[in-house]
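Spelled out, the chains give:
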Amino acid sequence: MNLKERCPILNFSDLGDERGKLVVIEGGQDIPFDIQRVFYIYGSDDTIVRGQHANRRSHFVLINVAGQSKVRITDGKEEFVVDLDRPMMGVYIPPMIWKDMYAFSPDSVLLCLASTHYDGSEYIRDYQEYLKEMQ
Ligand code: TYD
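Here is what the cut-offs are and how they apply
- Residues numbered from 1 in each chain as written.
- Predicted model: local features only at pLDDT ≥ 70, side-chain atom pairs only at ≥ 80, totals over all residues.
- Heavy atoms only, no water.
- Helix = DSSP H or I, 4+ residues; strand = E, 2+ residues; numbered from the N terminus.
- Rg over C-alpha atoms; globule rule 2.2 N^0.38 Å.
- Buried < 20%, exposed > 50% of the residue type's maximum accessible area, 1.4 Å probe, protein only.
- Areas by Shrake-Rupley, 256 points an atom, 1.4 Å probe, with all protein chains shown as cover.
- Lys, Arg positive; Asp, Glu negative; His and termini not counted.
- Charge placed at Lys NZ, Arg CZ, Asp CG, Glu CD.
- Near = heavy atom within 4 Å.
- Polar contact = N/O pair within 3.5 Å; in protein donor to acceptor, adjacent residues only side chain to side chain.

Engineer: Just give me the short version of the overall build of the protein, but keep the residues and values in it.
Structural biologist: Helix and strand counts for the protein come out as two helices and 10 strands. What you see in the protein, going N to C, is helices and strands ordered as α-β-β-β-β-β-β-β-β-β-β-α. Whereas a compact globule of 135 residues would reach a radius of gyration of roughly 14 Å, the protein reaches 15 Å, a difference of no more than 12%. C-alpha extents for the protein along the principal axes are approximately 55 × 35 × 30 Å. Residue burial in the protein is summarised as follows: out of 135 residues, 40% are buried. Summed over its atoms, the accessible surface of the protein is roughly 7,600 Å², and 48% of this surface lies on carbon and sulfur atoms. In the protein, the 15 positive side-chain charges and the 21 negative ones have mean positions that sit 4 Å from each other.

Here it is as structure tokens:
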């Protein structure tokens, strides 16, 4: 499987009606893991790069529920960029994938769904170390 196949774009169903939009994401159904943790990033701007790490165990889905950002995804060999610009789409990022989030619009709210509780020891934050492990 190539990197884009391992990190697919997920398009969620819109259950909205004349009253407005409604997007539902059920763990294990709309995304390929049970959700243990939710966090969101806002107040970043277009000078900021976040992420810059890989996770040994955690699976993530990233969704811009408001505004826009980009995420650069790499396994050290292939790389691609996803424009997160719609609340109805996200990207799935499995373990051991390096990710950089950037180009945040002023109104960006980047929702992150994770398969684990936070454990700082499962983060690889040194890109050279990551590349070494991926060889
Ligand atoms: P960091 O991983 O640098 O954020 P990002 O990936 O968005 O750039 O996290 C910033 C700080 O917040 C760091 O001290 C760890 C802490 N943190 C938690 O305690 N729990 C969490 O779920 C996350 C994502 C971060």
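Having put the structure on the table, let's press on.
Engineer: Any chance you could break down the site of the ligand for me, citing the residues and the numbers?
Structural biologist: What surrounds the ligand is the set Arg 37, Phe 39, Ile 41, Arg 50, Gly 51, His 53, Tyr 118, Tyr 123 and Arg 125. Side-chain polar atom of His 53 to an oxygen atom of the ligand: 2.7 Å apart, as the coordinates give it. Arg 125 is positioned such that a nitrogen or oxygen atom in its side chain is 2.9 Å from an oxygen atom of the ligand. In isolation the ligand exposes 520 Å². Once the protein is present, 60% of that is buried.

In short, shape yes, function no, at least from these values alone.
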